[in-house]
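# Structure at a glance
The lines below spell out each chain.
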Amino acid sequence: MVRIRVLVVDDHRIFAESLAAALAAEPDVDVSAAGSGPAALRCLERAASEGRRFDVLLVDADLGGHLPGVRPAVPVRDGSEDGLVDGISLVAGVRSGQPGVRTVVLAEKDEPRRAALALGAGASGWVAKDCSLSRLLSVIRGVLRDETHLPPALLTGVLRELTAARKHRTESELLVESLTPREREVLRCMVAGLGRKAVAERLYLSPHTVRTHMQNVLGKLGVHSTLAAVALARRAGVGPADLDGPSAGDVVERGGQLA
């Protein structure tokens, strides 16, 4: 018999233990539980090092608190027991670190936007916490066959959210493509959180020249603040500049003005 290794990740201890016990009663399921994102990551790493990787993670959508978007307050890999790693950020971290592990998000209620974010982060399913055990087992076995599971009532809303996100990404990519190579360098520095002085030191430019480049970037992207420029850049897939070099300097924005 092929056994399925499941890790339940939920910071509500009673729920996590109850669900783990119910799943463990199945003859082909081995199950463990973790009470936080960092604890889950440690479980995954330990299991991988011992050659017994988990197959499926069941992750609480509200793990560590409700955070908008998919960006964690602290990078997932830097989490500590006291750190904040929300459920969707954990999904993204697992997809990056162990792409063979399937993740299913357990949610208190149906939310098309968050379900779309979860799928975009790499989840294979979104399931109500109060669903039946037979339904949950069906989803677990289904995602191992590379199926994606969503409640039927969510399908239209999730498709609408994914379509809108794709449209916004395409528009953002076109705007970024309008930048010169130097302006893209400056934008990557902005995404990394560098202020004008730090960018100048990094690119061997004068602060005045960097300020001009930053103003050009804002103008071409059609935004009025560096925070908005960074958000647009992330939608377009622009990553931060490598910070192994000059110091990060001051914050990028103060009261909407370039630092």
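The shown structure was predicted, so the numbers you read here are calculated from the model rather than taken from an experiment. Throughout this description, residue numbers start from 1 for each chain and increase along the sequence as written. Only residues with pLDDT of at least 70 are given local features in this predicted model, and only at 80 or more are side-chain atom pairs given and counted; all residues enter the totals for whole chains, interfaces and linings. Note: side-chain values were computed over all heavy atoms of the structure, leaving out hydrogens and water.

## Examining the nonpolar core
Across soluble globular proteins, nonpolar side chains show a tendency to be buried alongside one another. The condition that has to hold: Throughout, nonpolar core names a set of buried Ala, Val, Leu, Ile, Met, Phe, Trp, Tyr and Cys residues whose side chains join them through atoms within 4.5 Å. Burial classes: relative accessible area under 20% of the type maximum marks a residue as buried, over 50% as exposed, and values in between as partly exposed (1.4 Å probe, protein chains only). Note on conventions: DSSP H or I runs of at least 4 residues are helices, E runs of at least 2 residues are strands, and numbering of each starts at the N terminus. Two residues form a contact once any of their heavy atoms are found within 4.5 Å.
In this structure, Val176, Leu187, Met190, Val199, Leu221 and Val238 are the most contacted members of the largest nonpolar core, which totals 26 residues. Broken down by secondary-structure element, the contributors of at least two residues to this core are helix H7 (181–191), helix H8 (196–203), helix H9 (207–221) and helix H10 (226–235). Beyond its immediate chain neighbours, meaning those up to four positions away, valine 176 contacts Arg184, Leu187, Leu221, Leu232, Ala236 and Val238.

## With respect to the environment of valine 127
Position of valine 127 relative to the elements: it lies in strand E5 (residues 125–128). With a relative accessible area of 2%, valine 127 lands in the buried category. As for valine 127 and valine 59, which are separated by 68 residues in sequence, their C-alpha atoms are 10.0 Å apart. Excluding its chain neighbours within four sequence positions, the residues that come into contact with valine 127 are Val104, Val105, Leu106, Ala107, Leu136 and Val139.

## A short note on the pairing of E5
Formally: For two strands to pair, DSSP has to find at least two bridges joining them. A crossover counts as right-handed when, viewed with the strands pointing away from the observer, the path leading from the first strand over the helix to the second turns clockwise.
By the bridge criterion, four bridges tie strand E4 (residues 102–107) to E5 in an arrangement that is parallel. Within the sheet, the bridge partner assigned to valine 105 lies in E5 and is tryptophan 126. Regarding the hand of the β-α-β motif, the stretch spanning E4, helix H4 (residues 112–121) and E5 is right-handed.

## So, the packing of H7 against H8
The following threshold applies: For helices, the axis comes from a line fit to the C-alpha atoms of the stretch in contact; other axes are also lines fit to C-alpha atoms, and the angle between any two N-to-C directions lies between 0 and 180 degrees. Any angle between 65 and 115 degrees counts as roughly perpendicular, while under 35 counts as roughly parallel, over 145 as roughly antiparallel, and the rest as oblique. Handedness of each helix crossing follows the sense of rotation of the near helix against the far helix: counterclockwise by less than a right angle gives left-handed, clockwise gives right-handed.
The N-to-C vectors of H7 and H8 enclose an angle of 130°; their axes lie 10 Å apart at closest approach. As summarised for this structure, H7 and H8 are arranged oblique, according to the angle between their axes. Considering only the axes of H7 and H8, their crossing is right-handed. Contacts between H7 and H8 involve Arg182, Glu185, Val186 and Cys189 from the former and Val199, Arg202 and Leu203 from the latter.

## Re the pairing of strand E3 (residues 56–60)
Counting buried residues along E3, five of its five residues qualify, which places the element largely inside the surrounding structure. Both faces of E3 are covered, namely the face carrying Val56, Leu58 and Asp60 and the face carrying Leu57 and Val59.

## Some words on the pattern of salt bridges
Oppositely charged side chains may form a pair once their charged atoms are brought near each other. Our working definition: Here a salt bridge means any side-chain nitrogen of Lys or Arg lying within 4 Å of a carboxyl oxygen belonging to Asp or Glu.
Applying the stated criterion across every chain, the model contains 12 salt bridges. For arginine 13, the salt bridge identified is with glutamate 17, shortest N-O distance 2.8 Å. Taken together, the positions of arginine 13 and glutamate 17, both in helix H1 (residues 13–24) and four residues apart, correspond to about one turn of that helix. According to the relative accessible area criterion, arginine 13 is exposed, its value standing at 64%. By relative accessible area, glutamate 17 is classed as partly exposed at 43%. The salt bridge involving aspartate 60 is made with lysine 129; its shortest N-O contact spans 3.3 Å. Remark: lysine 129 occurs in the loop between E5 and helix H5 (133–143) and aspartate 60 occurs in strand E3; sequence separation between them is 69 residues.

## Observations regarding H10
Test applied: Think of the arc as the fan of directions from the helix axis to the C-beta atoms.
Where H10 is concerned, the buried positions are Thr226, Ala229, Val230, Leu232 and Ala233. Around the axis of H10, the buried residues are gathered within 165° of arc, so they sit on the same side. The positive-phi residue at the C-terminal boundary of H10 is glycine 237, with phi of around 85°.

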